[in-house]
Amino acid sequence: MDCVPVLDEPLKKVLGGNTAKVMADHLDLHTVGDLLHHYPRRYAERGELTRLSDLPLDEHVTVVAQVADARVHTFNGGRGKRLEVTITDGSGRLQLVFFGKGIHKPRAELLPGSRAMFAGKVSVFNHKRQLAHPEFKPLSADSGADAVEAFANQLLPLYPACKQMESWQIQQAVDTVLGPAGHEEAALAGLVDPLPDALRQGRGLATLPEALARIHRPRTKADIAVARDRLKWDEAFVLQVALARRRRADAQLPAAPRKPVADGLLAAFDARLPFTLTEGQRQVSEEIFADLATDHPMHRLLQGEVGSGKTMVALRAMLGVVDAGGQAAMLAPTEVLAQQHHRSITEMMGELAAGGMLGGAEQGTKVVLLTGSMGAAARRQALLDLVTGEAGIVIGTHALIEDKVQFHDLGLVVVDEQHRFGVEQRDALRSKGKQPPHLLVMTATPIPRTVAMTVFGDLETSVLDQLPSGRSPIASHVVPAKDKPHFLARAWERVREEAAAGHQAYVVCPRIGDEEDDPSAAKTAKAAKEKSASPEDEAEKRPPLAVLDVAEKIAKGPLHGLRVEVLHGRMQPDAKDEAMRRFAAGDVDVLVATTVIEVGVDVPNATAMVIMDADRFGVSQLHQLRGRVGRGSAAGLCLLVTEMPEGSPARGRLGAVAATLDGFELSRIDLEQRREGDVLGQAQSGVRSSLRMLAVIDDEEVIVAAREEATAIVSADPELTGFPELRTALDALLDKEREEFLDKG
């Protein structure tokens, strides 16, 4: 069987139009190859009942269980009928509910003592977990004794599924592709195998047809392990080959070496610093300056804990490039952050930031700000300063990327909080250099080593994990507002106490709260009221708390008498900057804001933060927000307010954030909860992740080994001419769009 048509065959041809449409629309499966790489999430054995006692809330699940009881209840004076079925697996019981005309089939087939497979979304009603209108399939009613016996000895694959396409329907589709039992490898014999034979045999890995047959139709648990080992290698190896080729291509590009001069701007800046750099800052600076001195572009990722001094390291690199006759551009994701960076950098540089101006230092340079909302005159002047080279440093937002922005000699691009930008935006800025400029990517979101090797595998990585001296610890607590309202009252008391001590506080909300904000919010709230919901449902369906509402409520209520102001993304830029300036100057006690304050905002006198609806934020985002307090000598306090009930996954997440200040530990927790589907993030790449089997948290050994093998192969054969199968797999698994996405994460 020819290999390429097997994987590229549209599912419509194999399974029919209706099934193929559901798979495409709801599972993003379009070809036979997509389906074969849609691996079972786990396996159940007919003799091994799935545990009902710990089913996850709000997730689609498949369970194998026995019917213990089935009863029909009437309501609305006998006009309505409801079938309640209780199933058990020995570990617990679960209620199934069917309404109206939907009760006929389950009433006939789900008799006490019968066994079946059930699939649906777990919800809570009257404090009990249930499946409402689950799909089901009797396991023995239609089977002869031989078929039941055969099934009893099989591992039952349970696939990632959805409401429109349940696990056993996916299994039927896979069976259609694989053909009769025992002939799977023959059906798959022509598949392209991306692993070179020598590598596969040297590491004792199964062939690709064998691995796919075993993952979908395992006879034993050992089969599953063999298949997983092989399929993890495929994903890790193909990805690392793509990254190794990217690194090699980047190393071939020409760049102007940028070496700081002995008595130039950088030396003058260092001489006026009122503190000494940390050991980490010195070491990372040395790595960066070594890269800048080479004749090919630096591609470095600088990751560091919130408040570890990344901006200082980046500024010194920019000054070194200005010393060498080039210009440096810093790209920030928001106007608030761009303005904050501009303000803090000009303050740190003092007279050195006033080059060519009255009172400026002789070896100084101009530091300009460029944002989309600047006035025409200021914008014209900034553009002129860039094209003439008068400005050595520019800090800006997406406005830097526009065509009319021209540089005299762009030598270094610093991208702050890189996850906020797409590849095209970064490349557009880099293309403004006469030749490729050096690139420094910064993030305050700590990234586990294996993720850095996977997602940022073409970037050299520097880590700042040492906080500057004088930073204070931050105490974090979960405030269960619904379970214990007096805890929320105490939270506001703590804010008053901080204000009385001369400090300031942030209150963070997920939403702005004007009429433009979310037209669907009212509809969502109405739907939640109409439906009997679990406490989690009620908390989630309620519109998120909003800045404008919360600010008004606390100013009139618990924080009456304090100076309360708001800050959000839809304010005019001047108003935003003024609000931030007033807060920084101590003229405001409490700043109620959206996540515009998440990164870069530095007010050492702010000691407390109250995050409303904290469960609406991700783990890493909460860690970022928390990093806005405790930046001075006084201890910081972060209060995570939630209405989520004890025991819910959301409360567990908040508990994890409260329990540790270690950003790397939290990034691991975050990744484990989101899993790898987001690692090659859809938000940035526009395509689904190809990591289906590889767990970047758990499979460090595989990733490290795959990186070594990939680097060796690409060094010896950059075009992969001796590895046509690998090239084919690379084209199939990493289409052009995703490969470009890998360029800078």
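Below is a short write-up of the structure. Note that the coordinates shown come from a computational prediction; the quantities given were computed from them, not determined experimentally.

Re the overall build of the protein
Then step 1. Regarding its fold elements, the protein presents 30 helices and 21 strands.
Then step 2. Burial status across the protein gives 54% buried among its 745 residues.
Then step 3. Sequence-distant contacts, at least 24 apart, represent 75% of the contacts inside the protein between residues at least 6 apart.
Then step 4. Of the roughly 32,300 Å² of accessible surface on the protein, a fraction of 50% belongs to carbon and sulfur atoms.

A closer look at the packing of aromatic side chains
Then step 1. In this structure the tally under the stated criterion is three aromatic pairs.
Then step 2. Taking 6.5 Å as the distance between ring centres and 85 degrees as the angle between the ring planes, the aromatic pair formed by Phe75 and Phe99 counts as edge-to-face. Placement of Phe75 in strand β2 (residues 60-75) and of Phe99 in strand β4 (residues 93-99) is noted, with a sequence separation of 24 residues between them.
Then step 3. Ring geometry for Tyr506 and Phe583: centres 4.9 Å apart, planes at 50 degrees, overall tilted. Of the two residues, Tyr506 is situated in strand β17 (residues 504-508) and Phe583 in helix α23 (residues 573-584); the sequence distance between them amounts to 77 residues.
Then step 4. With a relative accessible area of 0%, Phe583 lands in the buried category.
Then step 5. When the ring centre of Phe136 is taken as reference, the NZ or CZ atom of Lys105 above it lies at 4.5 Å.

Topic: the environment of Leu545
Then step 1. Topologically, Leu545 is positioned in the loop between α21 (535-541) and α22 (547-556).
Then step 2. Between the alpha carbons of Leu545 and Gly513 there is a distance of 7.8 Å; along the sequence they are 32 residues apart.
Then step 3. If we skip the residues at most four places from it in the chain, Leu545 touches Cys509, Pro510, Arg511, Val550, Met612 and Asp613.

Section: the nonpolar core
Then step 1. Residues Met318, Met349, Ile393, Leu412 and Leu440 are the most contacted members of the largest nonpolar core, which totals 39 residues.
Then step 2. Here the element with the most residues in this core is helix α14 (residues 310-323); it accounts for nine residues.
Then step 3. In this structure, Met318 is in contact with Ala328, Met330, Ile345, Ile393, Leu412 and Val414, ignoring residues within four places of it in sequence.
Then step 4. The next biggest cluster of nonpolar side chains, apart from the first, holds 31 residues, and it includes Val336, Ile474, Ala593 and Ile597.

Focus on the packing of helix α24 (residues 619-626) against helix α25 (residues 649-659)
Then step 1. Their axes nearest at 10 Å, the elements α24 and α25 cross at an angle of 40 degrees. Judged by the inter-axis angle, α24 sits oblique to α25. Crossing handedness for the pair α24 and α25: right-handed. Note on element contacts: α25 touches α24 through Arg653, Leu654, Val657 and Ala658, opposite Val619, Leu622 and Arg626.
Then step 2. Residues that form the contact of α24 with α25 fall into these classes: five nonpolar, no polar and two charged.

A look at the sheet that holds strand β19 (residues 590-593)
Then step 1. Read across the sheet, six strands follow the order β16-β21-β20-β17-β19-β18 without closing on themselves; strand pairing throughout is parallel. With one partner strand each, in any of the chains shown, β16 (474-480) and β18 (564-567) form the two edges of the open sheet. Sheet twist, expressed as the average angle between the axes of neighbouring strands with direction ignored, equals 20 degrees.
Then step 2. Here four bridges tie strand β20 (residues 606-611) to strand β21 (residues 636-642), and the two strands are oriented parallel to one another. Within the sheet, the bridge partner assigned to Ala608 lies in β21 and is Leu637.

Description of the pattern of salt bridges
Then step 1. Under the definition given, this model contains 33 salt bridges.
Then step 2. Salt-bridge contacts for Arg71 lead to Asp69; the nearest nitrogen and oxygen are separated by 2.9 Å.
Then step 3. Between Glu565 and Arg582 there is a salt bridge, with the nearest N and O atoms lying 2.6 Å from each other. Residue Glu565 is located in strand β18, and its partner Arg582 is located in helix α23; the two are separated by 17 residues in the primary sequence.
Then step 4. Given a relative accessible area of 23%, Glu565 falls into the partly exposed group.

Notes on the sheet that holds strand β14 (residues 438-443)
Then step 1. Strands sit in the order β11-β12-β10-β13-β14-β9-β15 across an open sheet of seven strands; the sheet is parallel. One side of each edge strand has no neighbouring strand; the edge strands of this open sheet are β11 (366-370) and β15 (460-464). Across this sheet, the average inter-strand angle for adjacent strands is 20 degrees, counted without regard to direction.
Then step 2. The pairing of β11 with strand β12 (residues 391-396) spans five bridges and is classified as parallel. Residue pairing across strands places Lys366 opposite Ala391, the latter belonging to β12.
Then step 3. Relative to the sheet, α14 contacts β9 (299-304), β10 (327-331), β12, β13 (410-416), β14 and β15, its axis offset from that of β13 by approximately 170 degrees.
Then step 4. Where helix α15 (residues 335-349) meets the sheet, it contacts β10, β11, β12 and β13, and its direction lies at approximately 170 degrees from that of β11.

Section: α23
In an α-helix there are 3.6 residues to a turn, and that puts residues three or four apart on one side.
Then step 1. With 12 residues, α23 extends 16 Å from end C-alpha to end C-alpha; this agrees with the ideal 16 Å at 1.5 Å per step.
Then step 2. Turning to α23, its buried residues are Pro573, Lys576, Asp577, Ala579, Met580 and Phe583. Take α23 and look down its axis: the buried residues cluster within an arc of 160 degrees, on one side only.
Then step 3. As for α23, its buried residues are in contact with α15, β17, β18, β19 and β20.
Then step 4. Once α23 finishes, Gly586 follows within two positions and takes phi at roughly 90 degrees, a positive value.

What counts, and where the lines are drawn
Position numbers for residues start from 1 in each chain and track the written sequence from start to end. Per-residue local features are limited, in this predicted model, to residues with pLDDT of at least 70; the limit for side-chain atom pairs, both in listing and counting, is 80 or more; totals at the level of whole chains, interfaces and linings are taken over all residues. For the side-chain quantities, the full set of heavy atoms in the structure was used; hydrogens and water were omitted. By the criteria applied, helices consist of DSSP H or I runs no shorter than four residues and strands consist of E runs no shorter than two, each listed in order from the N terminus. Exposure classes here rest on a 1.4 Å probe applied to the protein chains alone. A residue is buried below 20% of its type maximum, exposed above 50%, and partly exposed in between. We call two residues contacting when some pair of their heavy atoms lies within 4.5 Å. Note that accessible areas follow from Shrake-Rupley with a 1.4 Å probe, and for residues the cover is restricted to the protein chains shown. Ring pairs shown here join Phe, Tyr and Trp side chains whose ring centres sit within 6.5 Å, with only the six-membered ring taken for Trp; geometry is labelled stacked below 30 degrees between planes, edge-to-face above 60, and tilted in between. Charge-over-ring placement is defined geometrically: NZ (Lys) or CZ (Arg) within 6 Å of the ring centre, and within 35 degrees of the ring normal. Only buried residues count toward a nonpolar core, which is a set of Ala, Val, Leu, Ile, Met, Phe, Trp, Tyr and Cys residues joined through side-chain atoms within 4.5 Å. Axis geometry follows a simple rule: fit a line to the C-alpha atoms, using only the stretch in contact for helices, then measure angles between N-to-C directions, giving values from 0 to 180 degrees. Any angle that is under 35 degrees is reported as roughly parallel, and any over 145 degrees as roughly antiparallel; angles of 65 to 115 degrees are reported as roughly perpendicular and all others as oblique. For any helix crossing, the convention is left-handed if the near helix is rotated counterclockwise from the far helix by under a right angle, and right-handed if that rotation is clockwise. Classification convention: Asp, Glu, Lys, Arg as charged; Ala, Val, Leu, Ile, Met, Phe, Trp, Tyr, Cys, Pro as nonpolar; all other residues, Gly among them, as polar. Any two strands with at least two DSSP bridges between them are considered paired. Salt bridge, as used here, is a side-chain nitrogen of Lys or Arg placed within 4 Å of a carboxyl oxygen of Asp or Glu. Expected span, for any helix, means 1.5 Å times one less than how many residues it has. Working note: the arc is built from the helix axis to C-beta atom directions.

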